[in-house]
Amino acid sequence: MSKIAFLVPLFPLLGFLINGLGRQRLSKSAVGLIGSGMIFLSFLTSCFLFGHVYGAAANSSGAPINSVVTLFNFIQTEAFTIPFAFQIDQLSVLFLLIITGIGFLIHLYSSAYMKDEAPHHFARYFAYLNLFVFSMLLLVMGSNYVIMFIGWEGVGLCSYLLIGYWFKNGDYNYAAKKAFIMNRIGDLGFLLAVFWLIFKLGTVNYTDVFAGVAQLSAFDITAITTLLFVGAMGKSAQIPLYTWLPDAMAGPTPVSALIHAATMVTAGIYMIARSNILFTMAPATQTLVAVIGLATAIFAATIALKQNDIKKVLAYSTVSQLGYMFLGLGVGAYTGAVFHVMTHAFFKALLFLGAGSVIHAMHHEQDIRKMGNLKKYMPITHITFLLACLAIAGIPPFSGFFSKDEILVAAYSSNPLFYYIGVGGALMTAFYMFRLYTLTFLGNFRGTHEQEHHLHESPSAMTIPLIVLAVLSVVGGFIGIPAVFAENQHWLQNFLAPIFAESTKLADAHHLSHSQEYIMMGVVTLLIVLVIAFAVKSFRNYNNANETEPTGLSKVLLNKWYVDELYNTIVVNPLNALGGVLKNVVEKSGIDGAVNGVGKLVAYSSRQLRLIQSGQVASYLLIMILSMVVFFIVWFNDITIMRFLGKIF
């Protein structure tokens, strides 16, 4: 295994280099083949690693499979050594399959979706995608926090490049900069946590940190985990660092799918799941994680209720679903959170790619109020999108039902209030997703005659990934069948059990009776079905001609609670004003004034000294004699002073 593990990130890196350096010479077909092919090779290698780990786990009687592949020493000092090494275990190989599998489907989809781009821009796009996947693989494969941080920063850089891919649009550049800067805020917390670990333990290797956790005080653990969570808040878009994610819709739709489904936004969940023993020993931080996650889930869901841009609805849906994942982490349901990462990757990638198919057919129209009845023209996109909506709404037996139910049950065991608020968020999810589905695919077409004339199903390169993801969205939940249905059939829990074993021992678990779980599942499912029926009935006959100007709470939700305006008022505008003062006063009047003043002084002095050169020999003789007199006076005074000092001492 050690001989091939490095190939997983190497293939995307090679794709980035080949497409990036050869963008002026390679054809589009060659670029698409190289970009997608490298990710597919990485996926095949990941499958091999998964098979190896799965086989080893089956023969290990529950012991963790922890194979560390060291390539070289990245940092080596007398105090500590940080190797450039990969850790291959149950958690990392699971994420490898998600990243490379979903990543390959998105690359394949992109080859058709981006076909109108110029060849060199097409190659640039695929180079960025490959670099993004490489960075994410580095993040999940690293055997220590420093290698994770390298990948962490890499996905931040690639998100900036991909969100601002159409760099001639100033708004898109602003969105890219916003994502980059807000992620840097969170990254500072992550970096401080790494420094803290080095200072206290002298190591950042996972195995050494987790083995030496007893050396840390309660304050150290709480501080480190809080700082790590700050990093996760930025990368995984939690309150208050979430506003960059909806603006990330400025990038091409496949980029939105890659960022929102399988890669960047799941980095924070992976990091906390990997550090589960630290967080389990910091109950205050766990409570903070749960509260922030739940607040984000509800807050983002309320905004999604009133959005009319098809990608914005999905963006706020992502923020909300990430909140549920953090809720799971906060209540100790680490397996449930990872399970929801996986199922969310399936149906959210499907939703974004389905939205891309719709936008492609509508000639880049994204306002759902101007769509309708698209099921008539796009049957494959319609049925796959519907399946994804059912999955994210939590309808059994679709994948989202199993993963979300596991998180909600764990939340109820921890604090019933968390459960009831979480159910409210689930009901809002069902409403806004089926509002989106109904306005897009049902009712009458509300676009222009020109748009209707050109409506068509997307090419096979786009529909095949939709079909594959639809199948996964339907059956993906069966890897986590809860005990209420069948004992010991939760394959994912059994597979990941060694990773979370220590946390499970420390956790104070409260299990519900099967009858109570059945009642909770039945009631929630019934409520979701009623909400779906209400949403479809409310918007099936929607007519945008009857649209009225929103007022009150509707206007607030449409404007996203005015959070961006608040940030602009209290952060952006004061910083811009400070920048203006530094530019116009400090720099121009202060720094430039001093530098220019020195120049002017030299020029003035030169002009005055130039007057000495009069050309009159008598003047020169006078100056020479005066200089000699001054010299003798100084020399005489120096001798007198020295003699005087000699007499004293």
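Here is what the cut-offs are and how they apply
- Residues numbered from 1 in each chain as written.
- Predicted model: local features only at pLDDT ≥ 70, side-chain atom pairs only at ≥ 80, totals over all residues.
- Heavy atoms only, no water.
- Helix = DSSP H or I, 4+ residues; strand = E, 2+ residues; numbered from the N terminus.
- Buried < 20%, exposed > 50% of the residue type's maximum accessible area, 1.4 Å probe, protein only.
- Contact = heavy atoms within 4.5 Å.
- Areas by Shrake-Rupley, 256 points an atom, 1.4 Å probe, with all protein chains shown as cover.
- Lys, Arg positive; Asp, Glu negative; His and termini not counted.
- Charge placed at Lys NZ, Arg CZ, Asp CG, Glu CD.
- Salt bridge = Lys/Arg side-chain N within 4 Å of Asp/Glu carboxyl O.
- Core = buried A, V, L, I, M, F, W, Y, C linked by side-chain atoms within 4.5 Å.
- Phe/Tyr/Trp six-rings, centres within 6.5 Å; stacked < 30°, edge-to-face > 60°.
- Pairing = 2+ DSSP bridges.
- Bend = angle between axes of the 7 residues up to and from the residue.
- Axes fitted to C-alpha atoms, helices over the stretch in contact; angles between N-to-C directions.
- Parallel < 35°, antiparallel > 145°, perpendicular 65-115°, else oblique.
- Left-handed = near helix turned anticlockwise from the far one by under 90°.
- Nonpolar A, V, L, I, M, F, W, Y, C, P; charged D, E, K, R; others polar.
- Polar contact = N/O pair within 3.5 Å; in protein donor to acceptor, adjacent residues only side chain to side chain.
- Patch = residues over 30% accessible without salt bridge, like charges linked within 9 Å, V, L, I, M, F, W, Y side chains within 5 Å.

## Considering the overall build of the protein
In terms of helices and strands, the protein carries 26 helices and two strands. Across its three principal directions, the C-alpha atoms of the protein cover 115 × 65 × 55 Å. Looking at the protein residue by residue over its 649 residues, the buried ones come to 54%. Within the protein, contacts between residues at least 6 apart in sequence are counted, and of these 80% link residues at least 24 apart. Split by element, the accessible area of the protein, about 27,800 Å² in all, is 67% carbon and sulfur. Positive and negative charge centroids in the protein, built from 36 and 29 side chains respectively, lie 9 Å apart.

## A few points about the pattern of salt bridges
Oppositely charged side chains are able to pair whenever their charged atoms sit close together. Scanning the entire structure with this criterion turns up nine salt bridges. Here Asp116 ties to Lys115 by a salt bridge, and the two come within 3.4 Å at their closest N and O atoms. For Asp116, a relative accessible area of 66% puts it in the exposed group. Between Lys235 and Asp187 there is a salt bridge, and its shortest N-O distance comes to 3.9 Å. Taken together, the positions of Lys235 in helix α8 (residues 218–235) and Asp187 in helix α6 (residues 170–201) put the pair 48 residues apart, joining distant regions of the chain. What makes Asp187 buried here is its relative accessible area of 3%. Connected through shared salt-bridge partners, Glu153, Arg184, Asp187 and Lys235 make up one network.

## Notes on the nonpolar core
Core analysis: the biggest nonpolar cluster contains 206 residues, and Tyr145, Trp244 and Phe434 have the highest contact counts within it. Considering every element that reaches this core, the biggest residue donor is helix α15 (residues 334–361), with 18 residues. Those residues in contact with Tyr145, other than ones at most four positions away along the chain, are Phe190, Val194, Leu197, Val204, Tyr206, Val209, Phe210, Ser275 and Leu278.

## What about the packing of aromatic side chains?
Across all of its chains, the model carries 41 aromatic pairs by this definition. Aromatic side chains Phe50 and Trp491 sit 6.2 Å apart centroid to centroid with 50° between the ring planes, which places their arrangement in the tilted category. Placement of Phe50 in helix α2 (residues 28–58) and of Trp491 in helix α21 (residues 491–496) is noted, with a sequence separation of 441 residues between them. With a relative accessible area of 18%, Phe50 lands in the buried category. A relative accessible area of 26% means that Trp491 is categorised as partly exposed.

## What to know about the pairing of strand β1 (residues 67–76)
Summarising the sheet, β1 and strand β2 (residues 81–88) pair through eight bridges and their orientation is antiparallel. Bridge pairing links Ser67 to Ile88 in β2.

## Observations concerning helix α25 (residues 563–610)
At Glu587, α25 shows its strongest bend, of approximately 45°. Among all positions of α25, only Val563, Asp564 and Tyr567 are buried. Next to the buried residues of α25 lie α6 and α13 (283–304).

## Brief notes about the packing of α6 against α8
Packing of α6 against α8 brings their axes to within 7 Å, and their N-to-C directions diverge by 155°. Here α8 runs roughly antiparallel to α6, going by the angle between their axes. The two elements α6 and α8 meet at a crossing, and its hand is left-handed. Across from Asn183, Arg184, Ile185, Gly186, Asp187, Gly189, Phe190, Leu192, Ala193, Trp196, Leu197 and Lys200 in α6, the residues of α8 making contact are Phe219, Asp220, Ala223, Ile224, Leu227, Leu228, Val230, Gly231, Gly234 and Lys235. Among the residues forming the contact of α6 with α8, the class breakdown is twelve nonpolar, five polar and five charged.

## Describing the packing of α13 against helix α14 (residues 310–330)
The N-to-C vectors of α13 and α14 enclose an angle of 160°; their axes lie 7 Å apart at closest approach. Between α13 and α14, the angle falls in the class roughly antiparallel. α14 is crossed by α13, and the crossing has left-handed handedness. When α13 is examined against α14, the residues Gln286, Val289, Ala290, Gly293, Leu294, Thr296, Ala297, Ala300, Ala301, Ile303 and Ala304 are found in contact with a partner set consisting of Val313, Tyr316, Val319, Ser320, Gly323, Tyr324, Phe326, Leu327, Leu329 and Gly330. Counted by class, the contact of α13 with α14 contains 15 nonpolar, six polar and no charged residues.

## Looking at the environment of Thr504
Summarising the element assignment, Thr504 is placed in helix α22 (residues 501–506). Judged by relative accessible area, which is 54%, Thr504 ranks as exposed. Spatially, the C-alpha atom of Thr504 lies 8.7 Å from that of Thr280, the residues being 224 residues apart in sequence.

## What to know about the side chain of Gln87
Residue position: Gln87 is located in strand β2. A polar atom in the side chain of Gln87 sits 3.1 Å from the side chain of Asp89.

## Side note on a nonpolar patch on the surface
A cluster of nonpolar side chains, contributed by Leu566, Ile570, Val571, Leu575, Leu578, Val581, Leu582, Val585, Val586, Ile591 and Val595, occupies part of the molecular surface with about 960 Å² of accessible area. Structurally, Val581 can be placed in helix α25.

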